[in-house]
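Descriptive analysis of the structure
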Amino acid sequence: MDSTYLFNESGILLTIFLIAIPIIVASLIVLVKTYAILNDYRKKKNLEQFYERLKRLSPEEIERLEQRKKELSFSLSNKELAGDAPPSDSRGLIDNISHEEDIRFVPSKKKSQPRPFIEPGLTKLILWYLGCATFWLLFGTTVGEYLGIKFTAPDIDHISWLSFGRLRPVHTNAVFWGWSSLAMLGLAYYVVPRVSNAAIASLRLGYISLICVNACVVLGSLFLMAGINNGGGEYREYIWPAMALLAAGVVLSLFNFIFTIGQRTTKEIYVSNWYIISAMMFLLVIALVAYVPAWQSGLGETIIQGYYMHQGVGMWFMLFCLGLMYYFLPQQLNKPIYSYGLGILAFWTQILFYKLIGTHHFIFSAIPWWLQTVAIVGSVGMVIPVIAGTTNFLMTFKGSWNKLSGSYTLPFYLIGIIFYFTGSLQGTAEAFRFTNLVWHFTDFTVAHSHLTMYGIICFMLWACIYTIVPRLTGKEPPQIAVGAHFWLALIGLLFYTVPLMIGSTLKGLMWMDGKPFMDSVVMMAPYWLWRAIGGTLMWLSHLLFAYNFYVMINRKREVVIPASPIAILKSKEELEKQVLTF
């Protein structure tokens, strides 16, 4: 193909533009970093010259600085027209006046609690997990952003590696295994030792697990873009060698956590560890069932696909994140979980009912009718753990709702809880036969999966990350950037899902009326535009999250040259102390 022809294609130009964005950003970062290094070097040279000048100060100059220090330190007491006596009011009009609040455009949020003692090596391991997860979030959602553009401009490119059928699983698997899974494992490396009151069994196993999961996503994505895939259904497109790496990583972390819990100094195993360990065990079972070739044919493959898809979401991501919530939410509210019993009830009922619901995606199919009915019954049974968990979390908030306005983390927790309730129950409603008839094979399932995986999992993970990283590094994110992240993600999610649900309902009704398929495609065009707008807002929020994460882990110290007489004299005193010590 002529290269000139390639550059006449709008899709090629847009692809080049999208690829150029990270390159330009990386170049700007290099330039900024280079400037910062040169600026620090210049400041240090000036500081050395400043100290040399301090050593040569004459007694007269020091006397003038002392005199100027007294002049600058003078200030009015603001009591010249009053007395020094404390305010007294026999009528009770003045009460508990201790300080005056400044008027602020953005309310000040409460900072993180002082850092608990965490082994430096474990802190580094956790930050590596969360840093890799942040990278895969940006990568996976950038691919998703491009796919959203393809819905409104389907002829944007003609390159096989960038075709929708290849990029869509790259997007879903990157955010599943790269972003969510690594973030959950990283947070678990904090939670499991803390609630066990024991050191992590092996940091080395933690790093090997990290490498295995990252290798899985890298190899899996490359194979998918090259057209090499499992072909076994949605969310299991990675070929088995890539998934074997993921399984190996999870096995290593599972052994690490079990050995840590085995060395615990507490008598009971806290409910968070119940959820986390069970989720990891279920993932191994799910992956094994999904990739064993014995039943991967015909109708059996369809049944296994329903099992794998729903177990992955409910018994890996959901179970794991709920375990994290049972630690981080009470810790952030500084109060115990409302009911330990409700947590155990939700745990066992989720295990009981969630394993049955996979085939509710195949109502009116050739799957046996009794199995479809069992899936619907299991979907209705999920009301029990969802209501139990939601009640537990919201009642933990009871008496602490006033903390919501003063915290930049609690809104993330609350939105995750709200979507846990609404998204999960919407899945129950979607399992009924009529609604399934209308919505199945439409974009409604796409909207539903984003309500759950994004509205629940992502918001819960962000809440936990914003809670723990400042305690590990001692650095807070800029609260305006955190607020912008929150609102862009929330509004974007609503712009993405609500129009899709409306349009998909209309599409399903058109199909039931026997309308031509292309009519439904034309009808969906404006709803797909809203999908692209919402996806763009969500993608921008991820850029802000990555920036906030960078701020929280950046340890750079700025060189400041004293300018005021007070600071100059203080620097001279410190310099003299250093000379005497030397």
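Above this text sits the structure in question.
Residues numbered from 1 in each chain as written. Predicted model: local features only at pLDDT ≥ 70, side-chain atom pairs only at ≥ 80, totals over all residues. Heavy atoms only, no water.

Quick look at empty space enclosed by the protein
Overall, the coordinates contain 2 cavities of 30 Å³ or more when judged by the stated rule. Here the largest cavity defines a volume of roughly 50 Å³. Along the walls of the largest cavity sit Phe-176, Trp-177, Tyr-235, Leu-283, Ile-286, Tyr-308, Met-309, Gly-312, Val-313 and Phe-317, which together make up its complete lining. Top contributing element to the lining of the largest cavity by residue count: helix H9 (residues 298–333), with 5 residues. Among the residues forming the lining of the largest cavity, the class breakdown is 9 nonpolar, 1 polar and no charged. The computed volume of the second largest cavity comes to approximately 40 Å³. Along the walls of the second largest cavity sit His-361, Glu-430, Thr-435, Asn-436, Trp-439, His-440 and Thr-445, which together make up its complete lining. (1 Å grid on protein atoms, 1.4 Å probe; cavity = no way out; pocket = protein on both sides within 12 Å on 5 of 7 lines; lining within 4 Å. Points joined across faces, edges and corners; volume = space filled by probe spheres on them. Helix = DSSP H or I, 4+ residues; strand = E, 2+ residues; numbered from the N terminus. Nonpolar A, V, L, I, M, F, W, Y, C, P; charged D, E, K, R; others polar.)

Topic: the nonpolar core
With 143 residues, the main nonpolar core has Trp-177, Trp-179, Trp-316 and Trp-462 as its most contacted residues. Not counting residues up to four positions away in its chain, the partners in contact with Trp-316 are Trp-177, Ser-181, Met-184, Leu-185, Val-250, Ala-279, Met-280, Leu-283 and Gln-311. (Core = buried A, V, L, I, M, F, W, Y, C linked by side-chain atoms within 4.5 Å. Buried < 20%, exposed > 50% of the residue type's maximum accessible area, 1.4 Å probe, protein only. Contact = heavy atoms within 4.5 Å.)

Description of a negative patch on the surface
Taken together, the side chains of Glu-60, Glu-61, Glu-63, Glu-66, Glu-573 and Glu-574 define an acidic patch exposed on the protein surface. Contributions of two or more residues to the negative patch are made by helix H3 (59–73) and helix H18 (565–581). Among the elements that make up the negative patch, the one with the highest residue count is H3 (4 residues). By secondary structure assignment, the location of Glu-66 is in helix H3. (Patch = residues over 30% accessible without salt bridge, like charges linked within 9 Å, V, L, I, M, F, W, Y side chains within 5 Å. Areas by Shrake-Rupley, 256 points an atom, 1.4 Å probe, with all protein chains shown as cover. Salt bridge = Lys/Arg side-chain N within 4 Å of Asp/Glu carboxyl O. Lys, Arg positive; Asp, Glu negative; His and termini not counted. Charge placed at Lys NZ, Arg CZ, Asp CG, Glu CD.)

Digging into the packing of aromatic side chains
According to the stated counting rule, one finds 43 aromatic pairs in the structure shown. Ring geometry for Tyr-326 and Phe-393: centres 5.0 Å apart, planes at 50°, overall tilted. A residue pair is termed long-range when its members are at least 10 positions apart, and Tyr-326 in helix H9 and Phe-393 in helix H12 (residues 383–397) qualify at 67 residues. Just as Tyr-326 is buried, Phe-393 falls in that class too. Their ring planes at 35° and their centres at 6.0 Å tell us that Phe-412 and Phe-459 sit as a pair that is tilted. One end of the pair, Phe-412, is in helix H13 (residues 410–430); the other, Phe-459, is in helix H15 (residues 444–473), with 47 residues separating them in the sequence. An aromatic cluster is built from Trp-179, Tyr-408, Phe-412, Phe-419, Tyr-454, Phe-459, Trp-462, Tyr-466, Phe-486, Trp-487, Phe-545 and Phe-549, whose rings are joined through pairwise contacts. (Phe/Tyr/Trp six-rings, centres within 6.5 Å; stacked < 30°, edge-to-face > 60°.)

Considering unusual backbone geometry
With a phi angle near 75°, Tyr-235 is a residue other than glycine that sits in the positive phi range. Tracing the backbone through its elements, the reader meets Tyr-235 in the loop between helix H6 (203–225) and helix H7 (240–262). For Phe-364, which is not a glycine, the phi torsion comes out positive at approximately 65°. Structurally, Phe-364 is set in the loop between helix H10 (340–354) and helix H11 (369–381).

Structural notes on the pattern of salt bridges
Pairing is possible between side chains of opposite charge, provided their charged atoms come close. Inspection of every chain in the model, using the stated rule, returns 5 salt bridges. Glu-48 is the salt-bridge partner of Lys-45, the closest N and O atoms lying 3.8 Å from each other. Of the two residues, Lys-45 and Glu-48 are both situated in helix H2 (residues 10–55); the distance of 3 residues between them amounts to about one turn of the helix. Linking Glu-234 and Arg-168 is a salt bridge whose minimum nitrogen-to-oxygen distance equals 2.6 Å. One end of the pair, Glu-234, is in the loop between H6 and H7; the other, Arg-168, is in helix H5 (residues 164–196), and 66 residues separate them in sequence. For Glu-234, a relative accessible area of 29% puts it in the partly exposed group.

Structural notes on the side chain of Thr-134
Topologically, Thr-134 is positioned in helix H4 (residues 120–152). A polar side-chain atom of Thr-134 sits 2.8 Å from the main-chain carbonyl oxygen of Leu-130. Dropping the residues within four chain positions of it, Thr-134 is found in contact with Trp-179, Phe-545, Ala-546 and Phe-549. (Polar contact = N/O pair within 3.5 Å; in protein donor to acceptor, adjacent residues only side chain to side chain.)

Comments concerning the state of the cysteines
Taken as a whole and assessed by the stated rule, the structure comprises 0 disulfides. Distance from the sulfur of Cys-216, which forms no disulfide, to the nearest cysteine sulfur (Cys-212) is 9.4 Å. On the basis of relative accessible area, Cys-216 is assigned to the buried category, the value being 0%. Sulfur of Cys-321: no disulfide; nearest cysteine sulfur belongs to Cys-464 and is 7.2 Å away. Look at Cys-321 and you get buried, because its relative accessible area is 1%. (Disulfide = S-S within 2.5 Å.)

A look at the packing of H6 against H7
The geometry of H6 relative to H7 is characterised by a closest axis approach of 8 Å and an angle of 160° between their N-to-C directions. Taken together, the axes of H6 and H7 lie roughly antiparallel to each other. The element H6 and its partner H7 pack so that their crossing is left-handed. Residues Leu-205, Gly-206, Ile-208, Ser-209, Cys-212, Val-213, Ala-215, Cys-216, Leu-219 and Gly-220 of H6 lie in contact with H7, whose contacting residues are Ala-242, Leu-245, Leu-246, Ala-248, Gly-249, Val-250, Leu-252, Ser-253 and Asn-256. Residue composition of the contact of H6 with H7, grouped by class: 13 nonpolar, 6 polar and no charged. (Axes fitted to C-alpha atoms, helices over the stretch in contact; angles between N-to-C directions. Parallel < 35°, antiparallel > 145°, perpendicular 65-115°, else oblique. Left-handed = near helix turned anticlockwise from the far one by under 90°.)

Observations regarding the environment of His-440
Mapping His-440 onto the fold places it in the loop between helix H14 (433–439) and H15. Along the sequence, His-440 and Ser-504 sit 64 residues apart, while their C-alpha atoms lie 9.1 Å from each other. Excluding residues within four positions of it along the chain, His-440 makes contact with His-361, Phe-362, Thr-435 and Trp-511. Of note is the side chain of His-440, whose polar atom sits 2.7 Å from the backbone oxygen of His-361.

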